[in-house]
Number of protein chains: 4
Amino acid sequence: MSIQNRQRLRDIDNTGFGPNSSVEGGRLINSDGSANLRKRGIPIWERTSVYHSLLRMKGSHFILGIFLFYTFINLIFAVIYFLTGVSHLTGTDGAHTTSEQFMEAFFFSSQTLTTVGYGHVAPSGMMTNSIASIESLVGILTFALVTGLIYGRFSRPRAYLLFSPSVLIAPFKEGRALMLRMATYKNNHLTDVEANVTLAMHEEENGKTVTKFYPLPLQFAKINSLALSWTIVHAIDEDSPLYHCRKEDVTDTKMEVIVNIKAFDDHFSNIVQQRTSYTHNQFVYGAKFLPMFEKAPDGDYTILELDKINLHELVKLPDAKTHHHKGNVEVNP
Amino acid sequence: MSIQNRQRLRDIDNTGFGPNSSVEGGRLINSDGSANLRKRGIPIWERTSVYHSLLRMKGSHFILGIFLFYTFINLIFAVIYFLTGVSHLTGTDGAHTTSEQFMEAFFFSSQTLTTVGYGHVAPSGMMTNSIASIESLVGILTFALVTGLIYGRFSRPRAYLLFSPSVLIAPFKEGRALMLRMATYKNNHLTDVEANVTLAMHEEENGKTVTKFYPLPLQFAKINSLALSWTIVHAIDEDSPLYHCRKEDVTDTKMEVIVNIKAFDDHFSNIVQQRTSYTHNQFVYGAKFLPMFEKAPDGDYTILELDKINLHELVKLPDAKTHHHKGNVEVNP
Amino acid sequence: MSIQNRQRLRDIDNTGFGPNSSVEGGRLINSDGSANLRKRGIPIWERTSVYHSLLRMKGSHFILGIFLFYTFINLIFAVIYFLTGVSHLTGTDGAHTTSEQFMEAFFFSSQTLTTVGYGHVAPSGMMTNSIASIESLVGILTFALVTGLIYGRFSRPRAYLLFSPSVLIAPFKEGRALMLRMATYKNNHLTDVEANVTLAMHEEENGKTVTKFYPLPLQFAKINSLALSWTIVHAIDEDSPLYHCRKEDVTDTKMEVIVNIKAFDDHFSNIVQQRTSYTHNQFVYGAKFLPMFEKAPDGDYTILELDKINLHELVKLPDAKTHHHKGNVEVNP
Amino acid sequence: MSIQNRQRLRDIDNTGFGPNSSVEGGRLINSDGSANLRKRGIPIWERTSVYHSLLRMKGSHFILGIFLFYTFINLIFAVIYFLTGVSHLTGTDGAHTTSEQFMEAFFFSSQTLTTVGYGHVAPSGMMTNSIASIESLVGILTFALVTGLIYGRFSRPRAYLLFSPSVLIAPFKEGRALMLRMATYKNNHLTDVEANVTLAMHEEENGKTVTKFYPLPLQFAKINSLALSWTIVHAIDEDSPLYHCRKEDVTDTKMEVIVNIKAFDDHFSNIVQQRTSYTHNQFVYGAKFLPMFEKAPDGDYTILELDKINLHELVKLPDAKTHHHKGNVEVNP
């Protein structure tokens, strides 16, 4: 890339990333859309949003966590009932050994916490009654949180977008374009879909490596409705930071393409958002996407083939010089 | 339609539909607003959003589903209690036959799952107590999901829009316009209502049929408040893709008008959205809507007559040539 | 109002009201913001949104409704248990008369529906157990709806705006302005507050009365934050539909000022909206608002006096002719 | 500050604050973002939003409040059961003294309210059964509100922004700028972050002090994504109300900088907002922020050090005269 061109382009520093973040080549955004970042300097409980963590957590971990939490609270109340005296739990006369008595206390606790309250074991006396009364309150309140979270996880607005694993440098009109493809992979319907694409390059400047960010203008930055697939196209014209970019530059500058999609989902009745990021080894230099949909045999509807999201064939790119201004004699392979 | 005109018009490809989707004439959008589309290539459980499906499902199916689900979970736990030994359920001494014992296990399960826990049947022993303890937890958590869904279905933001079943080509000022009418049919009040109308035509191009999309500019694309009915009007002037359109063209090009309405609803305090689509056989060429509201007998309020949403009378359309430029001698019937 | 002026002004028909709605002078928008409108032509259950109705309903009616609903469902199940045979409810041996038995069935039903399930009365036998099992499911599901609604009503985003009961024609700079005042009356904080004001006039046109709508441009249509009060100001300059308006015109044309406020509320984290409408008898011609806040005695904070929202004093209006163009000799009182 | 300059600048009155609010120098916005304001003139229950108050309340107060509320309702029903006659509560025969009987009534009430319903104490008779039936309904409905609130507090969309405690007047390009720094301190990710900064000054005008508001244009008023920290920069150029501002003016005019941040949070899927305000004693005149992030030892990710949010070093400011127009000979220290 010629030094003149680099001067001409305006990089932006309104990305929320600093100019020298992760200088040694670690990616900025992970492919799941989270920032490749850790925070420090304040205690972990202050810098952790319990709510965010519980929404993000893997489903199996979440279920296991609930089970352990339930056992834990039951254990605590079981110990309290046990110390208060199992004799205040009517119906536990058959329990003679310590372990039998503790078991009765534990299961009474669980029946109280879930408000199932069979009653074959029941509290008697001021103290035990009070504890049971508090436990049933605690049960209602904590299960409110837990069930709220379960439903919150289940109904959390998500875009369900499938991105092509590759980003292509493809022929486009008389020149080239950077292209990537996306589709919703579930039975959701997005409208007012907006895309925002930023290119990050790690460049040498005054002897040290700095990260520069360039917004990539798109052919269409917004579509009304996303029914089939959408190929996001950044035309590589003279105003593009990629105009003089050769194949080697992709790897040399450790390019990263950050994609953010925002849309409205009908059934969530909410805005949904999804981010992803492509690192230099996901670039395919000289390729074009092949169609990923076909008509149904009976012609009545269209079939979208999600396994073809990345389907592309290698093609020869037009010379960069051929497009826009004839006087340019620089040759890009 | 003259070939010159067709060249002049810019079709758009930012609709999220590809240019050759459903070539054989199947509609693009169903009248309920869903895309006429199927997805393939990844397993069904990955391409199905359980949440979206449960929100969309018919009410009666949903209720039936809950009932079957409830019976199913009860059966599973009943089998477990039965295998563990009904003797560990106190109060079931009267049940002697296998079927009686299974019945006791089944209803104990249901009393535990719903946390009603009468207690005339109660668990005893480590194993049965543990199972009951887990079942009451399972009950709380699954009913959280189910009840969340019921309320989610009940309170889901919807626009409650009634569209006229016909789209009219009507006289408008000195020329013509494409018109359709809508009103909210429930006691909801929409504000900041935006309409977006797209015309799809299946045209012959280089010997094969391609689908082209044209945005239709509206007289008013946004209204402040939707109290009575709203007639959406696309004036067919020289810039309209319908300017040279004759009656036959509607059917020949298998026209489809896709309408998307977005608004803010006061009581949901949320954005609501509704889509519909008109196919060529819903066009009425040469007609105008008649009023669908009248004043109350005592004059104090207005009455909106929803059964008149499609009320129109056939009228003669002005010749296309008469409007805008006199030189045009083409005659449109 | 001179006929020339009237021609010059462009009325709008994108209000969602038709041109001849409620011709006989009934108001268009009620002061609580709902449209003065009834719908007809489809059955009441189709044109009623249960959800909207339940959210709008008066609190006391809502509570009463829940209580009646609860009693009704209990009665239904009580009848079923009674018909099935009270003998299948253990623990009801003491009930000998029909009314005692029905009472036992009724209260057993209520204990099952709420899942309190004391168990001193408990079901026995396949049939009664099945009914109880279904009732507890019904209980969980209906209470989910009811409690969802209660919380939905309680947490429903609302703007809590207090509008001045009067709209003033007040002196403003060298001319006049239409002014109204609003403030939040609760401890909520609104940001990005937008106002939209429309004037409706019932005018004589070709011998019949039609309703015309004029948007009123505001001095500030949006403020960043609503902490104290906000006086909404429409300057009555040459472009205003009120420029030539005399005091009599307010009543003669049955003026109605429709105000719509949209804002973002911090704690609801949602957009809130409130509408109101002023009819001609709420106009005060020649008056200005007096301040409604003062500093605290110790000077550390500001006091907003909500009972002064309508506080104004009568003043002489400047002659309409004095402002903007000297040539105008028309005299407005 | 020269009087000419002051004339040239346009202060705004669309802030929602009046021109003479809190004249004696109390701040306008508290540092937690709430307005420094009290409302009066209507009864407290009408000017208090219970919902807002319960969401804002400190966690410990909220929990204590629930506990007291629970005890209070239990007491009321206990009194009712007691007055109705404890003899109608079966299973309380062992309670002979008044206090024992009241205790039985109290705990029966708590078991009914939480629907735990052990059943060792159970209602008998029409009256007591009816009361218990109502109490269990009351329990379900009030706990619905309480648990809704708990989850509402837990999941309430918040921006989790940490602001630098100081606002700096720092060197910027060839001149000066007002700078403050912010970062999210939790594991949340904000996108489409917008900042809005307003300067309030208490100025002498015609012998009395008035508060004037100036919007401060920002270098970037919106960033796509907030991953690391964001330094908000208002360049102090000729159009800035701070252009002629000397160090003394900050204190003399009791400057206050009001900052409002609005953004979209991925996991809440909602807009979040946070406000803060800087008073004159939080200004540092002549300082610049030092970086608050560094690369990880292994170079794979970036570390954001939240304890360095306010880290700055004192620097000499360039003379105001040096920038923009040479003719200005006024010297600002």
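See above for the structure.
The structure displayed is predicted, hence computed values, not measured ones.

Calculation rules
Residues numbered from 1 in each chain as written. Chains lettered and ligands numbered in written order. Predicted model: local features only at pLDDT ≥ 70, side-chain atom pairs only at ≥ 80, totals over all residues. Helix = DSSP H or I, 4+ residues; strand = E, 2+ residues; numbered from the N terminus. Buried ≥ 20, exposed ≤ 12 C-beta atoms within 10 Å, placed from the backbone. Contact = placed C-beta atoms within 7 Å. Axes fitted to C-alpha atoms, helices over the stretch in contact; angles between N-to-C directions. Parallel < 35°, antiparallel > 145°, perpendicular 65-115°, else oblique. Nonpolar A, V, L, I, M, F, W, Y, C, P; charged D, E, K, R; others polar. Pairing = 2+ DSSP bridges. Left-handed = near helix turned anticlockwise from the far one by under 90°. Least-squares fit on C-alpha atoms with pLDDT ≥ 70 in both.

(A) The arrangement of the overall build of chain A in detail. A count of helices and strands for chain A gives 6 helices and 17 strands. Counting the 333 residues in chain A, one finds 45% classified as buried. When contacts within chain A are restricted to residue pairs at least 6 apart in sequence, those whose partners lie at least 24 apart make up 67%.

(B) Looking closely at the packing of helix α3 (residues 59–84) of chain D against helix α5 (residues 126–154) of chain D. Residue and element names in this part refer to chain D. Direction vectors running N to C along α3 and α5 enclose 175°, while the axes themselves pass 11 Å from each other. Judged by the inter-axis angle, α3 sits roughly antiparallel to α5. Two secondary-structure elements touch here, α3 through F62, I66, F77, I80, Y81 and T84 and α5 through M127, T128, I131, E135, V146 and R153. Of the residues that constitute the contact of α3 with α5, the class distribution is 8 nonpolar, 2 polar and 2 charged.

(C) Representation of the interface of chain B and chain C within the structure. Every contact between the two is made by 49 residues of chain B and, on the other side, 55 residues of chain C. Listed by contribution, the elements that provide at least two residues to the side of chain B that touches chain C are α4 (98–113), α5 (126–154), β9 (222–226), β15 (293–295) and β16 (302–305) of chain B. Here the side of chain B that touches chain C takes 5 residues from α5(B), the largest share from any one element. Looking at side-chain class alone, the side of chain B that touches chain C contains 23 nonpolar, 19 polar and 7 charged residues. For β16(B) and strand β1 (residues 37–40) of chain C, the ladder comprises 4 bridges, and the chain directions are parallel. Bridging from a neighbouring strand, T302(B) pairs with L37(C) of β1(C).

(D) Structural context of the packing of α5(B) against helix α5 (residues 126–154) of chain C. Interhelical geometry of α5(B) versus α5(C) gives an angle of 55° and a closest axis separation of 9 Å. What the angle tells us is that α5(B) and α5(C) run oblique. Once α5(B) is placed against α5(C), the crossing between them reads as right-handed. In this structure, α5(B) uses F143(B), T147(B), I150(B), Y151(B) and F154(B) to contact α5(C), whose residues at the interface are I140(C), L141(C), A144(C), L145(C) and G148(C). Residue composition of the contact of α5(B) with α5(C), by class: 8 nonpolar, 2 polar and no charged.

(E) Representation of the sheet that holds strand β16 (residues 302–305) of chain A in the model. Reading across from one edge, β15(A)-β16(A)-β1(B) is the order of the 3 strands in this open sheet, with mixed pairing throughout. In this open sheet, the two edge strands, each paired with only one partner strand, are β15 (293–295) of chain A together with β1 (37–40) of chain B. Shown here is a sheet whose adjacent strand axes are inclined to one another by a mean of 25°, direction ignored.

(F) Here's a closer look at the interface of chain B and chain A. Taken together, the contacts link 54 residues of chain B with 49 residues of chain A. Within the residue set of the side of chain B that touches chain A, elements represented by two or more residues are β1, α2 (50–56), α5 and β12 (270–279) of chain B. With 11 residues, α5(B) is the single largest residue contributor to the side of chain B that touches chain A.

(G) Representation of the relation of the copies chain B and chain A. Least-squares fitting of chain B to chain A yields an RMSD of 0.1 Å, with the transformation described by 0.0 Å of translation along the axis and a rotation of 90°. Here the transformation between the copies is reduced to the relation of a four-fold axis. Taken together, the interface assignments show that only 6% of the residues at the interface of chain B recur at the interface of chain A, consistent with different surfaces on the two copies.

(H) Region of the structure containing the environment of W230(C). By the element assignment, W230(C) lies in strand β10 (residues 230–236). Sequence separation of W230(C) and R181(C) is 49 residues, and the distance between their C-alpha atoms is 5.7 Å.

(I) Fine view of the sheet that holds β1(C). Ordered by their spatial adjacency, 3 strands build an open sheet running β15(B)-β16(B)-β1(C), and the pairing between neighbours is mixed. Only two strands of the sheet have a single partner each, and these edge strands are β15 of chain B together with β1 of chain C. Looking at each pair of strands side by side, their axes are set apart by 25° on average, direction ignored.

(J) Highlighting the pairing of strand β10 (residues 230–235) of chain B. All names here are of chain B. Within β10, 5 of the 6 residues are buried, which leaves it mostly tucked inside the rest of the structure. Judged from the 6 bridges that link them, strand β6 (residues 175–184) and β10 form a sheet pairing that is antiparallel. Each residue of the ladder has a partner; that of L180, found in β10, is I232.

(K) The arrangement of the relation of the copies chain B and chain C in detail. For these two chains of identical sequence, chain B goes onto chain C by a turn of 90° and a shift of 0.0 Å along the axis, with RMSD 0.1 Å. The residues that chain B uses at the interface reappear at the interface of chain C in only 6% of cases, marking distinct surfaces.

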